Every structure is written in structure tokens, then in C-alpha cells.
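An overview of the molecular structure
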Amino acid sequence: MSSIDTLVNTTIRSDVRAIAGYHVADASGYIKLDAMENPYQLPHHLREELAQRLTDVTLNRYPVASYATIKQRVRDTLGIPAGYDVMLGNGSDELISILCMGCALQDRRAVVLAPTPSFVMYQRSAQFAGMDYVGVPLKADLTLDLPAMLAAIARHKPSLVFLSYPNNPTGNLFAADDIVAIIKALDENGSGLAVVDEAYEPFAQQTFMHRLPEFNNLVVMRTVSKLGLAGIRLGYMSAAPQLLAEFDKVRPPYNINVLTQAAAEFALDHVEVLNQQATALRAARADLMAALAALPGVEVFPSAANFILIRVPNSDDAYAKLLSRKVLIKNVGKMHDVLANCLRITVSTPEENSAFLDAFAASLAA
């Protein structure tokens, strides 16, 4: 019998063996400010209604493959242009993977291009689909380097350009005119899709969704995770109908389970509650940014998301001291040179924000 090491080495791709798994920290017992989640649950009476709704779900049957009812709710509620449909994914991660698989050309090595640092799954999904990944560094102030992006597009002729809007982990919104310039450059090169990832749209209140009819090579992707439904794992994207039809061939059948569908339909029936929570978090973001900026040695970067990026004298030290005080944030200081000594903090409830600030101030003073 072959040893397990031999089996792994001869059957698993070398590039997969060479990377670490996607790490999710154990948050048990911590104030959890590391994953950009909405800290608010649905009100109690709505949770009771949802529980009743879920008891009526037919668990012994596959989902209706067309997902017609939930897609109609998304189109009606979340600003999809008339004449455009949506594709659903098991979170936006699955949609990113579908986009990469659909664009991984067989006659040549296709390219995914994105600003860097940005969402790690752009690079991972490109790699797993057998595509090359090109990251174009942001400027030192974390803004988009448009000349470098346009030069990279001309050189590499990417099949996909991912643009996180606002960007994760930096939190800033790239200039809309710069994004339009990238979309047009891809069109002039004769191929390539611009994917505007609007995961944090409820907090940015800026979107390219309504501009889909202007650009045949534009894909707009969102998730309901940041809106307050991270646990149900539902992403959606829209594009020109002919494009969406091709990507739908790559989508696994029954990729959205019936419990997710029922919960999402219920939540979208009460979307005003989620919108009120987003409004509260936007206000809390402003308060938290001001409080952080008042602390000595802390640089606060602009944010249009539900998290804040800051720079401190020593991010490793600050992160460790916060952990010792049972506060979990994200240390991004080693993700990229432009993020040296940076920390990312999710905006939460007033109580959790206050507890974080007390622990953070104590960490800086220690």
C-alpha cells in the first residue's frame, strides 16, 4: 500500500500543496471584529416568523432549479436594472470561482488581474481554475494606480479584472472615473470582463449596478452577507443576459439550498430592517473613526465599508495585546508592503465599539 505522503504528492497539484489553507480564527469567547459581519440579528418577532417559515420548507426535495422566486425578490428589492437577471451563488466566493472557471481559456493561459492588496479569493480562484494572476499594487495612499492598471491590461490582456468597490482590506472607494476607464480599456482590447465586487454596497451607497446597460463587458457582484445575512451564504451577480447565460452553464445545479432560499426571501420581505441596521453602522463608523483618529500614533484611512483600516507603530504588538484582552480584529500588516503595521477593525454595536476602544487604548499605552 502506498504511504499517505506518496499518495498526496502524486495526486494533489503541487501548487495546491504549496499554499496554506484559508484560515478562519476561532472567535469563541472574543469580541469578534475580524470578519466584517453585521453585529445585529433580526428583531425577535421577525426571528419567530422566520422560524415558522423555515418549518414549512420541504427538506426532502431538491430546490426548484430555476430559483425563480428568490431571483425575482432580488431583482425587485436590490436595484437590478430592468431586463437584467441575476445568478445566485453560495456566497460571492462561488461566483468568483464560476467566473474564473468560465473564463479559463483552453487555447492559452488566461489572466486574472486585480489591484493588490484586495480580496484574497480573486487570486485563489484564478489559481484553482488554472489561470495566471497579476496583481497591480495600489499607491502608497491606497488609491488605485490607474496608469499601472491600464498598462497591465494592455500587456496581459486579462480575461477578468476584479475591482472590489469599496476595496477589502483597505475600505476605500476607487474613483468611479478610474473604474470606467478600466472597463473601456478592456473593451478596446477586444476581450475581458470588468467585475465590480460590491460586497459592501449597503455601507458605501455607491454602485455600478444601474450602469450595466452602458457596458456589455461589465459584471456587478454583491452578497447579502454584509447586509446582515452572512450565515445563509448568498451572493448574486448581474451582467448582460448573454454573458449570464454562459456562466449559468458553469454553475452547479441546486447550488442554493432551500433553507437559504427561504431565509433570504423572508429577509428581503423585511429589507427595511436590514437597511436601518446599515444606517446605524454607517453612523457608528464615523464615530469610531473619529475616536481612533484622536489616539496618539494612530493613522486612520478613509472607509466606505463596514470596517476601518488603521496604521499603528507596531501592528503585531497591538494585535497580540488585543487578543489578550479578548478582542479579535484582523492584523493585515504582512499582506502587502503598503499595509505595513495596519489593522482592520469591523464596525460593531456601540457597546462592542466602546469595549474595543478601551482595550485598544490600553494596548497602545501598555
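Summarised in this report is the structure supplied together with it.

1. Focus on the packing of aromatic side chains
Throughout the structure, instances matching the rule amount to six aromatic pairs. An angle of 75 degrees between the planes, with centres 5.4 Å apart, marks the rings of Tyr165 and Phe208 as edge-to-face. Of this pair, Tyr165 sits in the loop between β5 (160-164) and α8 (176-188) while Phe208 sits in the loop between α9 (201-204) and β7 (218-223), and the two are 43 residues apart along the sequence. Both residues of the pair, Tyr165 and Phe208, count as buried. Measuring from centroid to centroid gives 5.3 Å for Tyr200 and Phe307, while their planes differ by 75 degrees, and the two rings are edge-to-face. Taken together, the residues span a long stretch of sequence, with Tyr200 in the loop between β6 (193-197) and α9 and Phe307 in strand β10 (residues 307-311) at a distance of 107 residues. Here the aromatic residues Phe119, Tyr122 and Phe162 are joined through ring pairs into a cluster of three or more. Seen from the ring of Phe307, Arg344 lies directly overhead, with NZ or CZ sitting 5.8 Å from the centre.

2. Side note on the packing of helix α3 (residues 44-55) against helix α12 (residues 258-269)
Relative to each other, α3 and α12 sit at 145 degrees, their axes nearing to 10 Å. Read as a crossing pair, α3 and α12 show a hand that is right-handed. Note on element contacts: α12 touches α3 through Leu259, Ala262, Ala263, Glu265, Phe266 and Asp269, opposite Leu46, Glu49, Leu50, Arg53 and Leu54. Grouping the constituent residues of the contact of α3 with α12 by class yields seven nonpolar, no polar and four charged.

Rules and cut-offs
Residues numbered from 1 in each chain as written. Predicted model: local features only at pLDDT ≥ 70, side-chain atom pairs only at ≥ 80, totals over all residues. Heavy atoms only, no water. Phe/Tyr/Trp six-rings, centres within 6.5 Å; stacked < 30°, edge-to-face > 60°. Helix = DSSP H or I, 4+ residues; strand = E, 2+ residues; numbered from the N terminus. Buried < 20%, exposed > 50% of the residue type's maximum accessible area, 1.4 Å probe, protein only. Lys NZ or Arg CZ within 6 Å of the ring centre and 35° of its normal. Axes fitted to C-alpha atoms, helices over the stretch in contact; angles between N-to-C directions. Left-handed = near helix turned anticlockwise from the far one by under 90°. Contact = heavy atoms within 4.5 Å. Nonpolar A, V, L, I, M, F, W, Y, C, P; charged D, E, K, R; others polar.

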